[in-house]
Amino acid sequence: MDQRYASRAGSLASDADSGWCGAIGSGLPFKKIGRDNASDDISAAMGERGALIRIYADDNTTLELAFAAGALAAAMNKNRSAALLRSK
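Thresholds, definitions, all that
Residues numbered from 1 in each chain as written. Predicted model: local features only at pLDDT ≥ 70, side-chain atom pairs only at ≥ 80, totals over all residues. Heavy atoms only, no water. Core = buried A, V, L, I, M, F, W, Y, C linked by side-chain atoms within 4.5 Å. Buried < 20%, exposed > 50% of the residue type's maximum accessible area, 1.4 Å probe, protein only. Contact = heavy atoms within 4.5 Å. Patch = residues over 30% accessible without salt bridge, like charges linked within 9 Å, V, L, I, M, F, W, Y side chains within 5 Å. Areas by Shrake-Rupley, 256 points an atom, 1.4 Å probe, with all protein chains shown as cover. Salt bridge = Lys/Arg side-chain N within 4 Å of Asp/Glu carboxyl O. Helix = DSSP H or I, 4+ residues; strand = E, 2+ residues; numbered from the N terminus. Pairing = 2+ DSSP bridges. Axes fitted to C-alpha atoms, helices over the stretch in contact; angles between N-to-C directions. Arc of directions from axis to C-beta. Polar contact = N/O pair within 3.5 Å; in protein donor to acceptor, adjacent residues only side chain to side chain.

A. Molecular detail of the nonpolar core. Counting seven residues, the largest nonpolar core is built from L12, I55, A57, L63, A66, A71 and L72. Leave out the neighbours within four places in its chain, and L12 touches D17, S18, Y56, A57, D59, N60, L63, M76, N77 and K78.

Have a look at this one:
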């Protein structure tokens, strides 16, 4: 993650969502995500980036409100959030 966004980033907190982000961040090819040691690579990537995340949320609304308030500059969220915020 770009250090310019440290403490201004958010993510959905579910294992499935944040795990995929960790896999991408670790540079792990998608076809290798099922390997036995893939979780070690993903955990390491999440540990490095975890301190940069300001908000982990269980719902889209929390991240959308943080964006609207100017507290976040980037977040991993569902597709409809960007369209919803742009329409406001």
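Read on for the rest.
B. Region of interest: a nonpolar patch on the surface. Taken together, the side chains of W20, I24 and F30 make up a nonpolar region of the molecular surface, amounting to roughly 360 Å² of accessible area. Tracing the backbone through its elements, the reader meets I24 in helix α1 (residues 15–25). Residue classification places I24 among the exposed positions, given a relative accessible area of 54%.

C. Spotlight on the environment of L52. Within the fold, L52 resides in the loop between α2 (38–50) and β2 (53–57). When its relative accessible area of 11% is taken as the criterion, L52 is described as buried. For the pair L52 and A9, spaced 43 residues apart in the sequence, the C-alpha separation amounts to 6.9 Å.

D. Up close: the sheet that holds β2. Here three strands make up an open sheet; going across it, the order is β2-β1-β3 and the pairing parallel. Each edge of the open sheet carries a strand with a single partner, namely β2 and β3 (74–76). Taking the axes of each pair of neighbouring strands and ignoring which way they run, one obtains an average angle of 15 degrees across the sheet. With three bridges joining them, strand β1 (residues 9–12) and β3 adopt parallel strand pairing.

E. Quick peek at helix α3 (residues 60–68). Within the span of α3, buried status applies to N60, L63, E64 and A66. An end-on view of α3 places all buried positions within 160 degrees of arc, on one side of the element. Across α3 from its buried face, at more than 90 degrees, point the exposed residues L65 and A68. Measuring from the side-chain oxygen of the N-cap residue of α3 to the backbone nitrogen of T61 gives 3.2 Å; that N-cap residue is D59. Where α3 ends, the next residue or the one after it, G70, has phi of about 85 degrees, a positive value.

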